[in-house]
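Letter by letter, the chains look like this.
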Amino acid sequence: MRDTNTFYITTPIYYVNDVPHIGHAYTTIAADVLARYWRLRGRDVFFLTGLDEHGQKVQQAAAKAGIDPQTHCNKLAPQFQELWKRLNISNDAFIRTTDPQHQSVVQRYLQQLYDQGLIYQDSYTGWYCTFDERFWTEKDVADGLCPDCKRPVEQLSEHNYFFKMGQYQERLQRHILDNPDFIRPESRRNEVLGFLQTQKLGDLSISRPKSRLSWGIELPFDKDYVTYVWFDALVNYVSALEYLPQGNPAGSRFWPANVHLVGKDILTTHAVYWSTMLMALNLPLPNTIFAHGWWTVDGEKMSKSRGNVVDPNKMVDEFGTDAFRYFLLREVPFGQDGDFSRSGMIARINSELADGLGNLLSRSLTMIERFAGGVVPAHDAPADTSLEKTLGQRTGDLLAEADAHVESLRFSRALESVGEIIQHCDQYIDKTAPWTLAKKPEQRPYLNNCLYHIAYTLGALVQPLYPFMPYTIANMARQLGLEPADAEKSLKWGDSSLLPGTRIQKAASLFPRIETAKPQGAKPVSDTSATPQPVPAAATTPPTQPTTSAPSPPPVPQQITIDEFMKIQLKTAKVLSAERVPKSEKLLKLQVSLGSEQRQIVAGIGKKYEPDTLVGKTIIIVANLKPAKLMGIESQGMVLAAGDADVRGLATILEEVDPGTKVK
Ligand code: MSP
């Protein structure tokens with residue numbers, strides 16, 4: 001029986017008939033989040049993924065490429081392995097069904113079932129779908145088409161070996177009824193139950209004559225046949241445990257698996273074929289088989305013929321590993337179908353990663369640097385107001401919610417809970433306005449408390465976010481002074497460990513905003529070659545950031561004529577006074593001199609500059625901008641500054657010039 005401190009998670013093993021796509025990446029990333037989460041919780045995790053190398057699809061793909069199937073598999077396998085590295089997948093093992101050890105386990109099980117009289121030979125005539133590699137009955141087949149893939153079927157008659165699957169119908173039904181978590185989500189559980197309650201479960205043909213298909217594992221009791229690919233593939237989940245886990249005791253301690261993650265299309269093979277096979281082999285059933293939904297692309301089914309297959313490598317090139325991981329698990333509740341679009345991805349990255357997490361970290365660390373010399377200040381608990389108490393309580397509640405969501409595979413909800421913590425912390429900062437407290441020496445103790453609480457809340461984000469975005473969160477932890485060279489090993493569960501006295505190390509922003517200048521003749525998401533690149537990130541941890549190996553051409557900016565440019569009056573201005581706009585962290589109210597006149601300008605530069613530092617400086621303004629009101633205060637012009645949402649620096653003039661001088 002399985003040790004309760006273990007956690008065994010599997011992905012389907014993928015057919016090597018083509019290169020990996022977003023569907024493969026999706027399941028594998030979800031499995032990785034669970035593996036990393038349970039490792040953090042101290043479980044002994046075994047995370048298995050791999051390749052399904054036998055069967056008709058692979059044989060056909062190899063024939064098309066004009067090479068033998070094994071060479072074909074050997075050529076494609078590294079594409080999966082490389083992609084898993086780029087996506088930072090922490091699988092403990094990688095199984096290939098052509099591994100000799102796996103093949104011998106399959107043969108052993110076949111022999112066992114044959115000896116037990118659970119496999120028999122019979123002749124069979126039916127409608128066969130080559131693509132799905134399965135027979136259909138007369139009533140399944142409408143207009144000569146496969147009910148599943150809608151390709152033409154052909155009538156075939158052959159001798160085959162059958163597994164007595166039908167005799168387990170009632171037992172399986174009972175198992176599903178007694179174990180509400182066995183098939184998830186519930187809608188899928190009901191589908192399988194409905195099928196078992198209304199239709200007779202037949203026996204399963206588990207062989208293919210070699211004359212029709214040679215690429216498979218030979219039946220140990222009849223050399224003229226190979227095993228049906230699903231009988232071979234499903235066994236991987238237990239055969240792997242015999243030879244892949246390192247260490248002692250043996251891998252069998254991991255069985256039964258905690259979770260088999262699968263796509264909804266392969267639920268029946270897992271919930272029915274695999275479960276009955278395990279019953280026949282006298283092995284316990286997995287705890288949970290979770291069927292996730294499918295991605296469409298820009299509203300359409302993803303397919304090679306439509307040319308809209310999303311290549312995960314391109315997504316990593318363009319958006320970085322962690323943003324891609326985050327998007328896939330955040331965008332769609334796990335279990336439901338979802339739509340993938342480039343614009344949807346950019347919107348999420350900008351609002352939740354750049355403006356949300358990234359901005360919170362950067363503004364917080366800036367304040368700790370500026371107001372506390374870069375060291376997390378001491379905490380004087382009695383001085384806490386209700387604001388600190390509420391922040392602490394909400395953070396604690398939301399962290400517990402996030403854990404419960406991950407444990408129930410509600411990844412999107414987990415990220416929502418963490419997002420709420422980020423929002424609360426941002427609101428806390430706006431309410432306490434540490435930059436105002438910093439001006440009043442008598443507020444120093446409370447300012448320290450504020451900075452402490454902000455730092456503590458940031459520290460608390462590390463654990464729940466780490467499984468989703470390991471590179472970024474390791475980087476964030478380093479900036480917070482937590483220094484996890486190996487975050488998984490050094491993070492203690494339940495302890496944010498960001499203590500007073502910790503020296504922070506502010507670095508480049510985690511997620512620069514992606515500019516969304518509309519590309520000329522934008523192409524769909526599957527072809528990113530003509531779309532603009534995000535603002536390149538300053539190097540942090542290299543693999544998280546989009547690579548620059550294949551840069552796309554920059555977007556062509558909208559052009560204006562010299563006459564249009566000359567309409568804009570730029571002038572130098574001297575700052576006479578500056579003050580913060582109440583209740584705004586960003587806005588400063590400046591009084592500037594243009595020589596012959598004085599103007600009031602409201603500028604969004606308050607995160608970068610303390611008002612006092614600007615007095616006496618010569619800056620450049622747009623002098624003929626229509627006046628506008630910002631937070632109710634009139635602004636008669638606009639200052640020029642470098643940077644985007646995050647102002648990097650004000651534009652100024654190299655030489656001393658009089659205020660009001662024209663700039664062109
Ligand atoms: N080899 C079998 C699995 C054997 S497991 C013992 C197989 N392989 S597959 O490569 O065709 O598919 C693997 C997974 O990709 C399935 O879980 C499938 O649901 C998933 N997806 C394929 N296209 C997908 C989308 N468009 N969206 C999400 N997942 C999709 O089946």
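Look up: the structure comes first, before these words.
A brief look at the structure comes next. (Residues numbered from 1 in each chain as written. Predicted model: local features only at pLDDT ≥ 70, side-chain atom pairs only at ≥ 80, totals over all residues. Heavy atoms only, no water.)

## So, the nonpolar core
Point 1. Core analysis: the biggest nonpolar cluster contains 103 residues, and Phe324, Phe340, Leu357, Phe411, Leu461 and Met476 have the highest contact counts within it.
Point 2. Once you skip the residues sitting within four places of it in the chain, Met476 turns out to touch Leu357, Leu361, Leu458, Leu461, Val462 and Leu510.
Point 3. If you look at the next biggest cluster of nonpolar residues, it comprises 63 residues, including Leu234, Leu241, Leu267 and Leu285. (Core = buried A, V, L, I, M, F, W, Y, C linked by side-chain atoms within 4.5 Å. Buried < 20%, exposed > 50% of the residue type's maximum accessible area, 1.4 Å probe, protein only. Contact = heavy atoms within 4.5 Å.)

## Some words on the packing of helix H2 (residues 56–65) against helix H3 (residues 69–86)
Point 1. Running from N to C, H2 and H3 cross one another at 90°; their axes reach a closest spacing of 9 Å. Between H2 and H3, the crossing angle belongs to the class labelled roughly perpendicular. Along its contact with H2, which presents Val58, Ala61 and Ala62, the element H3 presents Pro69, His72 and Cys73. (Axes fitted to C-alpha atoms, helices over the stretch in contact; angles between N-to-C directions. Helix = DSSP H or I, 4+ residues; strand = E, 2+ residues; numbered from the N terminus. Parallel < 35°, antiparallel > 145°, perpendicular 65-115°, else oblique.)

## A word on the site of the ligand
Point 1. In the vicinity of the ligand, 23 residues are found, and the nearest of them are Ile13, Asp52, Gly263, Asp265 and Trp295.
Point 2. Separating an oxygen atom of the ligand from a backbone N or O atom of Tyr15 is a distance of 3.1 Å.
Point 3. One nitrogen or oxygen atom from the side chain of His24 is found 3.2 Å from an oxygen atom belonging to the ligand.
Point 4. Alone, the ligand offers 670 Å² of accessible surface; in the complex the protein occludes 93% of this. (Near = heavy atom within 4 Å. Polar contact = N/O pair within 3.5 Å; in protein donor to acceptor, adjacent residues only side chain to side chain. Areas by Shrake-Rupley, 256 points an atom, 1.4 Å probe, with all protein chains shown as cover.)

## Thoughts on the packing of aromatic side chains
Point 1. Overall, the coordinates contain 27 aromatic pairs when judged by the stated rule.
Point 2. Seen in terms of ring centroids, Tyr8 and Trp255 are 6.1 Å apart; in terms of plane orientation they differ by 70°. Their pairing is edge-to-face. Of this pair, Tyr8 sits in strand S1 (residues 6–15) while Trp255 is found in the loop between helix H8 (236–243) and strand S12 (259–263), placing the two residues 247 residues apart along the sequence. Like Tyr8, the residue Trp255 is buried in the burial classification.
Point 3. Grouped by ring-pair contacts, the aromatic residues Tyr26, Phe290, Trp295, Phe327, Phe334, Phe340, Phe411 and Phe468 constitute a single cluster.
Point 4. Its guanidinium or amino end placed over the ring of Tyr128, Arg212 lies 4.3 Å from that ring's centre, counting from NZ or CZ. (Phe/Tyr/Trp six-rings, centres within 6.5 Å; stacked < 30°, edge-to-face > 60°. Lys NZ or Arg CZ within 6 Å of the ring centre and 35° of its normal.)

## Comments concerning unusual backbone geometry
As a rule of thumb, non-glycine residues mostly have phi less than zero, and peptide bonds are mostly trans rather than cis.
Point 1. Geometrically, the link from Arg184 to Pro185 is a cis peptide bond, its omega value of -5° lying close to zero.
Point 2. Topologically, Pro185 is positioned in the loop between strand S7 (183–184) and helix H6 (186–198).
Point 3. Omega for the bond connecting Trp255 with Pro256 falls within 30 degrees of zero, at 5°, which places this linkage in the cis form.
Point 4. Along the chain, the position of Pro256 falls in the loop between H8 and S12.
Point 5. The phi angle at Asn282 is positive, at roughly 60°, despite the residue not being glycine.
Point 6. Counting through the fold element by element, Asn282 comes out in the loop between helix H9 (267–280) and strand S13 (288–292).

## Some remarks on the sheet that holds strand S5 (residues 134–136)
Adjacent strands of a sheet pair through backbone hydrogen bonds, lying either parallel or antiparallel.
Point 1. The strand order across the open sheet formed by 4 strands is S5-S4-S6-S8, and the pairing between neighbours is antiparallel. Of all strands in the sheet, those bounded by a partner on one side alone are S5 and strand S8 (204–205).
Point 2. One ladder, built from 10 bridges, connects strand S4 (residues 119–129) with strand S6 (residues 154–163); its direction is antiparallel. If you follow Ile119 over to S6, its bridge partner there is Phe163. (Pairing = 2+ DSSP bridges.)

## Comments concerning the pattern of salt bridges
Point 1. Going through the model one piece at a time under the given rule, you end up with 30 salt bridges.
Point 2. Here Glu610 makes a salt bridge to Arg580, at a shortest N to O gap of 3.2 Å. Of the two residues, Glu610 is situated in the loop between strand S19 (598–603) and strand S20 (618–622) and Arg580 in strand S17 (residues 570–580); the sequence distance between them amounts to 30 residues. In this structure, Glu610 and Arg580 share a single accessibility class: buried.
Point 3. A single network of salt bridges, built from pairs that share partners, joins Arg330, Glu331, Arg348, Glu352 and Glu416. (Salt bridge = Lys/Arg side-chain N within 4 Å of Asp/Glu carboxyl O.)

## Details of the pairing of S19
Point 1. When you tally the buried positions in S19, you get 5 out of 6 residues, the bulk of the element.
Point 2. Taking the residues between adjacent antiparallel strands as the criterion, strand S18 (residues 588–593) and S19 are bridged by 4 residues, where Gly595 takes a positive phi near 85°.

## A closer look at the environment of Thr502
Point 1. In this fold, Thr502 is placed in the loop between helix H18 (487–490) and helix H19 (562–566).
Point 2. Here Thr502 falls in the buried class, since its relative accessible area comes to 13%.
Point 3. Along the backbone, Thr502 and Val376 are 126 residues apart, and their C-alpha atoms lie at a distance of 5.4 Å.
Point 4. Excluding residues within four positions of it along the chain, Thr502 makes contact with Gly374, Val375, Val376, Leu480 and Gly481.
Point 5. One polar contact links the side chain of Thr502 to the main-chain carbonyl oxygen of Leu499, over a distance of 2.4 Å.

## Structural notes on the side chain of Ser275
Point 1. With respect to the element layout, Ser275 can be found in helix H9.
Point 2. In this structure Ser275 comes out as buried when scored by relative accessible area, which is 0%.
Point 3. Apart from residues no more than four positions distant in its own chain, Ser275 is found in contact with Leu172, Phe182, His270, Leu285 and Ile289.

## Structural notes on helix H5 (residues 169–178)
Point 1. For H5, the complete set of buried residues consists of Gln169, Leu172, Gln173 and Ile176. Buried residues along H5 cover an arc of 100° about the axis, so they all sit on one side. More than 90 degrees from the buried face of H5, the exposed residues found are Glu170 and Asp178.
Point 2. Considering only its buried residues, H5 is in contact with S7, H6 and H9. (Arc of directions from axis to C-beta.)

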